[in-house]
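# What the coordinates show
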Amino acid sequence: MRILVALTLCLMPLGAASQSAAPAVSEELLIEGQGAGRHGGRLVMALRAEPRTLNPALATDSPSREVIGRMTADLIHVNRASQVPEPALAKSWSRSADGRAYTLRLRRGLRFSDGHPFDADDVMFTFAVLLDERVAASQRDLLMVGGKPAIVAKVDSHTVRVTLAQPSAAAERMFDSIAILPKHQLETAFRQGTLATAWTLATPPAAIAGLGPFRLKEYVAGQRIVLERNPYYWKADAAARRLPYLDELVFLFTGNEDAQVIRFQSGESDVIARVSPENFAVLARDQPVKKFQLRDLGPSLDYNFLVFNQNDLAGKNLPAIARKQRWFSDLNFRTAVSRAIDREGIVRLVYRGRAAALWGNVSPGNSRWLNTAIPRPPRSVEEARALLKASGFSWRPDGALVDGGGERVQFTIATSSSNAQRTEMATLIQADLKEIGMDVRVVPLEFRALLDRVVQTFDYEATIQAFGGGDADPNSEIHVWLSRGGNHWWRLGQKTPQTTWEAEIDRLMERQLVTLDYAERKRLYDRVQQIVAEQLPFIFLASPHVLVGARGDLANFQPAALDHPLWNADHLFFRPQLTTGRR
Amino acid sequence: MTSRRGLLFGTLAAIHALILFAGFFAPYDPAEQARVIPYAPPSRVHFVDVEGRFHWRPFVYAWTPDPAAYDRYLEDPTSRFPLQLFVRGAEYSVVPGIVTNVHLFGVAGPARVALLGTDGYGRDVLSRLLHGGRLSLIAGLLATVCSLIAAALIGTLAGFSGGTVDQILMRTADLFMAIPWLYLLFAVRAALPLQMDARDTFLLLVVVLGVIGWARPARLIRGIVLSARERTYVLAARGFGAPRRYLLRRHVLPQTAGAMLTQAALLVPHYVLAEVTLSFLGLGVGEPVPSWGNMLGALQQYHVLTSYWWMFAPAVALIVVTFGYHLLTSYVHERMRVVAI
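Residues numbered from 1 in each chain as written. Chains lettered and ligands numbered in written order. Predicted model: local features only at pLDDT ≥ 70, side-chain atom pairs only at ≥ 80, totals over all residues.

### Concerning the overall build of chain A
Where we set the bar: Where helices and strands are cited, they refer to DSSP runs of H or I of at least four residues and of E of at least two residues respectively, numbered from the N terminus. With C-alpha atoms as the basis for the radius of gyration, the globule rule is written as 2.2 Å multiplied by the number of residues raised to the power 0.38. Working definition of burial: number of other C-beta atoms within 10 Å of the residue's own, with buried at 20 or more, exposed at 12 or fewer, and partly exposed in between, all C-beta atoms being placed from the backbone.
Broken down by element type, chain A carries 16 helices and 28 strands. Relative to its length of 583 residues, chain A is compact, with a C-alpha radius of gyration of 26 Å against a globular reference of 25 Å. Each principal axis of the C-alpha atoms in chain A carries an extent, and together these give about 85 × 60 × 45 Å. Buried positions account for 47% of the 583 residues belonging to chain A.

Here it is as structure tokens:
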């Protein structure tokens, strides 16, 4: 099937007016938005931690990505609100008949934030960098389709062709994560093999250029990073005024969520993302006076789950856990635990109703991929008991559950001590499972130490963790479900699938990866969800809502489930205030 | 003076009695979750109902959650629940082996009376405060006894022997005081197995606190023993050929009694606070067993700190206990000086 993506947005006529930089003769700007915006103003956001780098090829932590995302642009961009790929630096693209080759036509007359022109050589350079093994870019995995790197060829100065080894269902989304790098600035570093140390936080602002709406102005260690308006940005509004509207974007560094909330409450920051429901309630209490815009965007793509350790412990000296794995690998045991958990209680007490109870891995927030046929059985202690009985468990006179060999059913749930919600969930589950005679202990551990136990030493019995949030597409979950995947936490490091159902999931996930038809992919992924819900390698708990807030006079504030509040930073502006403003 | 002293002793005794018989005074089991009423404010005890009628027996109205907000509750005026004495509820053991289910007060179900509100799981804060105090205070008292026994033995040995023994023991004490305990404790907790039940953790806490705390009183006692040893009457007794054991028992140890009592009264609140710190940092007993420290741990969250004042109850209890013990210390100190003269 051949799809030609037409430009949905009209192109800017030649020589359009712009606010600051004189437009090039043939500058092909992208026209977006209403045109009601107002230039000027400074938007402040508090980040939980300081970014580690400004180098798009090396950034893996979310603060770095948040900042870099505002300074760079990509060829095809997934619209965060509609989740549909849209033209960005590539004004249009087409796919070859065999589904392997993509021809992308670039906008002409564009400039980097330092005024240097942009063309196909920059795209070629970017792919060369990201595919280079020495750079070890996190995007390299994405560009390896079917185990082979994508081949990029320059057709002319503003056209490139990307050829993949096999058709890929998510090829268009792949371009979204590729920030185009300026060849004129980074080529020397790349040739000398020092790219990994280029573009740190200490790099002077003039030496960093991008195609994003903002460019670096100032970095103060431990305090803030300030971005300023990129005068060469390639978007304009309907009134032919060049975006972005804001003059400055400031990221403050605060320690944790509570500090973010306090800053937002006091007016020191203008937007806040990933607010916990409790703090959202604190902000809602202030809302009548402070006129915040608070938004509950509904269930996020994240899913919290309880996982039992089913790893192969041969060669590890963990006899107590190995003994308990008899229970953990028993489907009746896992199903009984799942049936005994009060998910509604979790939603109400831990998330104050701002979450969705889960029975499968796809959150109700992801309506495009959710398998609605998955059963959602309510809590039932009786059925949990019947399942345990069927597996040879019995109860002592004092109510304690013992297995067929007479051993008391006791296990620990390890949680991250920095995540109050997961510890709360564990405490509720502890009380739920007490009703079926299980003796559960909750052990909060420092997050790194916990992760080490889960992925390295396997020295844990059960833990509550969360995945998701990267993208709505099933491919973002592939490392979780493939039996050899790095996030296949219940049993890591499988050379061949250890169960028939894991083998079936492997087949389904690999098939959907090369299937281009949505209906067929959905059918395959529905089956994956069904198997997972039946076999319960993870016991799914809840999917928290996305909660965000902004100052009352911030306009065009359209937070999305992905990237939350700043994905459309180029369109944000402050409405004129009727009363005397703060700034 | 006497009335103030009486008040002090009365208060301390009352607190200890309340905590010791926590099971009886607490209306509910401290781990029981009433999931329909998380963060409910303290129940209002009424004498006059909505129609203005006076009732001799105080009563509460059942809380019904306000549909508009998660943590707000409305009193349901149609359901009046009088407070009752000696109600039967959750089972508890008075002393190990004797199990009963009689509680001092309560209300008939399904209503609940929470005189100090509930926490995020709908657990009764008053019940948790009493049961938690039992753990915190007993840990403090036991640890005090441990450290004082160690301090008395080591201090007396060092002071009475003198010379190399004294040097070794006192330098060891210096070493113990110089160790950064908090970091060491984090390391110890990480090395311990994940699965530790509340009793083991409790014993560990007691031992840890006792081990950390012996050095300071030991140095004090050593000083007293050292000076007592050189008193003329001790020298005279020794000249008459009194054995060392007699000298210690008759002349030296009685001198240390004042210091020991003062130290005890000082160490108890100190250790209660230390238990609070350790539990607050997640090194103490785990959920659902309450202690004052892990109850205060909830206040680490900003929304709890700003929204629910009744969650500060353990802090208030802690202040009262600490203050009481400090008054006791100065009283003992004064009293002992008088005796010594």
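Picking up where we left off.
### Some details on helix H8 (residues 232-239) of chain B
Counting buried positions along H8 of chain B yields zero of eight residues, so the element is predominantly exposed. Just downstream of H8 of chain B, Gly241 of chain B is the residue with a positive phi angle, here 90 degrees.

### Topic: the sheet that holds strand E25 (residues 538-540) of chain A
Residue and element names in this part refer to chain A. Applicable threshold: One bridge is not enough; two strands pair if DSSP finds at least two bridges between them. Axis definition: a line fitted to C-alpha atoms, over the contacting stretch in the case of helices. Angles run 0 to 180 degrees between N-to-C directions. Throughout, a pair of residues is in contact if the C-beta atoms placed from their backbones lie within 7 Å.
Pairing in this open sheet of five strands is mixed, and the strands run E23-E22-E24-E18-E25 from one edge to the other. Strand pairing shows two members of the sheet lacking a second neighbour, strand E23 (439-445) and E25, which therefore form its edges. With direction set aside, neighbouring strand axes in the sheet form an average angle of 30 degrees. In the sheet, strand E18 (residues 303-308) pairs with strand E24 (residues 462-467) via six bridges, with the strands oriented antiparallel. What sits directly across from Phe305, in E24, is Gln465. Packed on one face of the sheet, helix H12 (residues 420-434) meets E18, strand E22 (410-416), E23 and E24 and runs near 170 degrees to E23.

### Describing the interface of chain A and chain B
The line we're drawing: Amino acids outside the nonpolar list (Ala, Val, Leu, Ile, Met, Phe, Trp, Tyr, Cys, Pro) and the charged list (Asp, Glu, Lys, Arg) are all regarded as polar, and Gly is one of them.
Listed per partner, the contact involves 24 residues of chain A and 18 residues of chain B. No other element matches the six residues that H12 of chain A contributes to the side of chain A that touches chain B. A per-class count over the side of chain A that touches chain B returns twelve nonpolar, seven polar and five charged.

### Remarks on the environment of Gly212 of chain A
All names here are of chain A. One can find Gly212 in the loop between helix H5 (183-191) and strand E12 (214-220). Classification of Gly212 by C-beta neighbours within 10 Å gives buried; the count is 26. Sequence spacing of Gly212 and Asn230 is 18 residues, and the spatial spacing of their C-alpha atoms is 7.3 Å. If sequence neighbours within four positions are ignored, Gly212 has contacts with Arg70, Met71, Thr72, Ala73 and Asn230.

### Describing H5 of chain A
Each α-helix winds once per 3.6 residues, and so residues spaced three or four apart point in a common direction. Residues and elements named next belong to chain A. Our working rule: Throughout, the arc means that of the directions going from the helix axis to the C-beta atoms.
Of all the positions in H5, only Lys183, Gln185, Leu186 and Phe190 are classed as buried. Down the axis of H5, the buried set is contained in an arc of 150 degrees. They therefore lie on one face. Seen from the buried face of H5, the exposed residues on the opposite side, beyond 90 degrees, are Thr188 and Arg191. Among the structural elements, helix H2 (120-131) are those in contact with the buried residues of H5. Following H5 by one or two positions, Gly193 has its phi on the positive side, about 75 degrees.

### A look at unusual backbone geometry
Residues and elements named next belong to chain A. The omega torsion of the bond from Leu243 to Pro244 falls at -5 degrees, within 30 degrees of zero and hence cis. Checked against the element boundaries, Pro244 lands in the loop between strand E14 (235-236) and strand E15 (248-253). One non-glycine residue with positive phi stands out, namely Asn556, at about 65 degrees. Along the polypeptide, Asn556 turns up in the loop between strand E27 (554-555) and strand E28 (573-574).

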